[in-house]
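Chain by chain, the residues run as shown.
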Amino acid sequence: MTTTTPQAVPTAATLRRPVQLPPEWSGIPLTVVMPTYNEAENLPGMAEKLMALDLPGLRLLVVDDNSPDGTGEVAERLAERYNEPDRTRISVLHRTAKDGLGRAYAAGMDQAVADGAQYVLQMDADGSHPVEYVPQMLGTALATGAGFVVGSRYVCGGRLAEEWGLHRRLLSRWANAYVSTVLRTGLRDVTAGFCMWRADTVTEMKLSEVRSNGYSFQVELKYQAVRAGYTGVEVPIHFEERQIGASKMNLAVQVESAVLPWRLRLDSARARRG
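These lines cover the structure that appears in this document, whether it is placed above or below. Counting of residues starts from 1 at the beginning of each chain's written sequence and follows it residue by residue. Reporting of local features is limited, given that this is a predicted model, to residues whose pLDDT is at least 70; pairs of side-chain atoms are given and counted only at 80 or more, and all residues count toward the totals for whole chains, interfaces and linings. Only hydrogens and water are removed before side-chain values are computed, so all heavy atoms of the structure are retained for them.

## Looking at the pattern of salt bridges
Now for step 1: Between Lys or Arg on one side and Asp or Glu on the other, a salt bridge is scored when a side-chain nitrogen of the former is within 4 Å of a carboxyl oxygen of the latter. By the definition in use, this model includes four salt bridges.
Now for step 2: Taking the shortest distance from any N to any O, the salt bridge between Asp65 and Arg95 comes out at 2.6 Å. Of the two residues, Asp65 sits in the loop between strand S2 (58-64) and helix H4 (71-82) while Arg95 sits in the loop between strand S3 (90-94) and helix H5 (101-114), which places them 30 residues apart along the sequence. Each member of the pair, Asp65 as well as Arg95, carries the same accessibility label: buried.
Now for step 3: Of the charged contacts, one joins Asp200 and Arg198 as a salt bridge, the two residues approaching to 2.5 Å between their closest N and O atoms. Each helix is a run of DSSP H or I of at least 4 residues and each strand a run of E of at least 2, with the numbering of both proceeding from the N terminus. When accessible area is computed with a 1.4 Å probe and restricted to protein chains, residues below 20% of their type maximum are described as buried, those above 50% as exposed, and intermediate ones as partly exposed.

This is the structure:
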């Protein structure tokens with residue numbers, strides 16, 4: 001298994017303009033899976049930007065965990081607005097309770113593949129993952145045949161949000177270095193949540209068996225993909241600060257993220273011993 005990163009890095013200005021894909025690529029069935037919990041203010045803007053992309057094969061699947069702020073209802077209204085008689089552009093998966101980011105992604109990604117997506121994109125609803133990079137990530141996946149593509153903050157050309165202070169920047173870099181040292185995936189941004197997956201990779205991962213409940217789902221999925229022999233390609237992105245609302249990160253999530261790499265290593269060692 002080889003993990004690669006692009007050699008030629010476009011300028012920052014070029015990266016912020018959506019890449020124009022040829023028609024045979026832009027029409028590839030791609031589903032953006034977007035978990036939501038109390039994102040009623042952010043979701044309409046994200047949906048508008050995604051629907052404006054020149055990607056006829058793109059669909060948005062909102063996975064809502066029974067948000068008390070009415071995000072699920074907002075998503076349904078967006079579906080009514082953008083869906084066409086012969087073309088579903090937005091669909092909504094309603095879950096009955098807040099059950100963790102990992103399980104929301106697992107449910108949404110499995111649903112996307114079952115509905116015919118050839119590629120599935122993990123994307124946050126808070127605006128931290130800029131929509132402009134979606135065509136570039138799809139083009140990279142198709143051009144390289146990679147099992148997954150990571151929108152990376154830590155390859156050459158990638159950047160963190162300017163609003164992040166020194167402490168937060170150092171913590172993020174330390175977390176990536178820590179996980180990379182333990183798991184040795186070859187990825188520079190193994191904690192990234194902006195990732196595109198080929199459908200067969202999603203199926204192979206058996207997402208219902210993934211144990212991570214919070215943000216560590218991102219790490220577990222990449223680790224399992226690399227161990228299964230899938231190639232990951234990282235492309236540089238400019239990570240943005242959340243637009244509206246508060247982060248869902250809490251102490252329990254942080255503890256899970258710290259412990260998970262060692263659990264994965266232990267599981268791998270046990271599997272090798274038979």
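## Some words on the packing of aromatic side chains
Now for step 1: Geometry of aromatic contacts follows a simple scheme: Phe, Tyr and Trp rings, the Trp one being its six-membered ring, pair when their centres are within 6.5 Å, and the pair is stacked under 30 degrees between planes, edge-to-face over 60, tilted otherwise. Across all of its chains, the model carries two aromatic pairs by this definition.
Now for step 2: With a centroid separation of 6.1 Å and 10° between ring planes, the pair formed by Tyr105 and Phe217 is classed as stacked. A residue pair is termed long-range when its members are at least 10 positions apart, and Tyr105 in helix H5 and Phe217 in helix H9 (residues 217-227) qualify at 112 residues.
Now for step 3: Relative accessible area serves as the criterion here: at 0%, Tyr105 is assigned to the buried category.

## Here we look at H9
Now for step 1: Counting buried residues along H9, nine of its eleven residues qualify, which places the element largely inside the surrounding structure.
Now for step 2: Looking at the residues trailing H9, positive phi occurs at Gly229, about 100°.

## Re empty space enclosed by the protein
Now for step 1: Grid spacing is 1 Å over the protein atoms alone, the probe is 1.4 Å, and a cavity is where that probe fits but cannot get out, while a pocket is an open set with protein on both sides within 12 Å along at least five of seven lines and lining residues have an atom within 4 Å of a point. Grid points are joined across faces, edges and corners, and a volume is the space filled by probe spheres set on the points. All chains considered together, the criterion is met by two cavities of 30 Å³ or more.
Now for step 2: The biggest single contributor to the lining of the largest cavity is S2, with three residues.
Now for step 3: Residue polarity is assigned by list, with Asp, Glu, Lys and Arg as charged and Ala, Val, Leu, Ile, Met, Phe, Trp, Tyr, Cys and Pro as nonpolar; anything else, Gly included, falls into the polar class. Split into classes, the residues belonging to the lining of the largest cavity amount to three nonpolar, two polar and two charged.
Now for step 4: The volume enclosed by the second largest cavity comes to roughly 30 Å³.
Now for step 5: For the lining of the second largest cavity, the class distribution of residues is four nonpolar, three polar and two charged.

## Some thoughts on a negative patch on the surface
Now for step 1: On the surface, a cluster of negative charge is contributed by Glu41, Asp69, Glu73, Glu76 and Glu80.
Now for step 2: When you line up the elements, Glu73 lands in helix H4.
Now for step 3: For Glu73, a relative accessible area of 47% corresponds to the partly exposed category. Nonpolar side chains (Val, Leu, Ile, Met, Phe, Trp, Tyr) are joined into patches within 5 Å and like charges within 9 Å, using only residues with over 30% relative accessible area and no salt bridge. Per-residue accessibility takes into account occlusion by the displayed protein chains alone, with areas from the Shrake-Rupley method and a 1.4 Å probe. The sign given to each residue is positive for Lys and Arg and negative for Asp and Glu; His and the chain ends receive no count. Where a charge sits is defined by one atom per residue type, namely NZ (Lys), CZ (Arg), CG (Asp) or CD (Glu).

## Here's the deal with the pairing of strand S5 (residues 148-152)
Now for step 1: Counting buried positions over the five residues of S5 gives five, a clear majority of the element.
Now for step 2: Burial along S5 is two-sided: the face carrying Phe148, Val150 and Ser152 and the face carrying Val149 and Gly151 are both buried.
Now for step 3: DSSP calls a pair of strands paired once it identifies at least 2 bridges connecting them. As paired elements, S5 and strand S6 (residues 195-198) share three bridges and run antiparallel to each other. Across the sheet, Val150 pairs through a bridge with Cys195, a residue of S6.
Now for step 4: The sheet contact formed by S5 and strand S7 (residues 232-236) spans five bridges and is parallel. Among the inter-strand pairings, Val149 is bridged to a residue of S7, identified as Val233.

## Some words on the pairing of S6
Now for step 1: Summarising the sheet, strand S4 (residues 119-122) and S6 pair through four bridges and their orientation is antiparallel. What sits directly across from Tyr119, in S6, is Arg198.

## Some thoughts on the nonpolar core
Now for step 1: Counting residues in each nonpolar core, the largest one holds 40 residues, and the members touching the most others are Leu50, Met123 and Val134.
Now for step 2: For this core, the secondary-structure elements that each account for two or more residues are strand S1 (30-36), helix H3 (43-52), S2, H4, S3, S4, helix H6 (134-144) and S7.
Now for step 3: Any two residues having at least one pair of non-hydrogen atoms within 4.5 Å are treated as being in contact. Apart from the residues within four sequence positions on either side, Val134 is in contact with Leu30, Leu50, Leu53, Leu55, Leu58, Leu121, Met123, Phe194 and Met196.
Now for step 4: Among buried residues, the Ala, Val, Leu, Ile, Met, Phe, Trp, Tyr and Cys ones that are joined through side-chain atoms within 4.5 Å form a nonpolar core. Within the second largest apolar cluster, 31 residues are counted, among which are Val33, Ala112, Trp197 and Val219.

## Some thoughts on the packing of H3 against H4
Now for step 1: Lines are fitted to the C-alpha atoms to define the axes, a helix being fitted only along its stretch in contact, and any angle between axes, read from their N-to-C directions, falls within 0 to 180 degrees. Remark: H3 packs on H4, axes separated minimally by 10 Å, with the N-to-C direction vectors making an angle of 30°. With respect to H4, the axis of H3 lies roughly parallel. Between H3 and H4 lies a crossing whose hand is right-handed. For the pair formed by H3 and H4, the contact residues are Leu43, Pro44, Ala47, Glu48 and Met51 on the first element and Thr71, Val74, Ala75, Leu78 and Tyr82 on the second.
Now for step 2: A class-by-class count of the residues in the contact of H3 with H4 yields eight nonpolar, one polar and one charged. Oblique is the label for every angle not falling under 35 degrees (roughly parallel), over 145 degrees (roughly antiparallel), or within 65 to 115 degrees (roughly perpendicular). For any pair of crossing helices, the crossing counts as left-handed if the nearer helix is rotated counterclockwise from the farther one by less than a right angle, and right-handed if it is rotated clockwise.

## A short note on the environment of Cys156
Now for step 1: On the secondary structure map, Cys156 appears in the loop between S5 and helix H7 (166-183).
Now for step 2: For Cys156, a relative accessible area of 56% gives the class exposed.
Now for step 3: Along the primary structure Cys156 and Ile237 are separated by 81 residues, whereas in three dimensions their C-alpha atoms are 9.5 Å apart.

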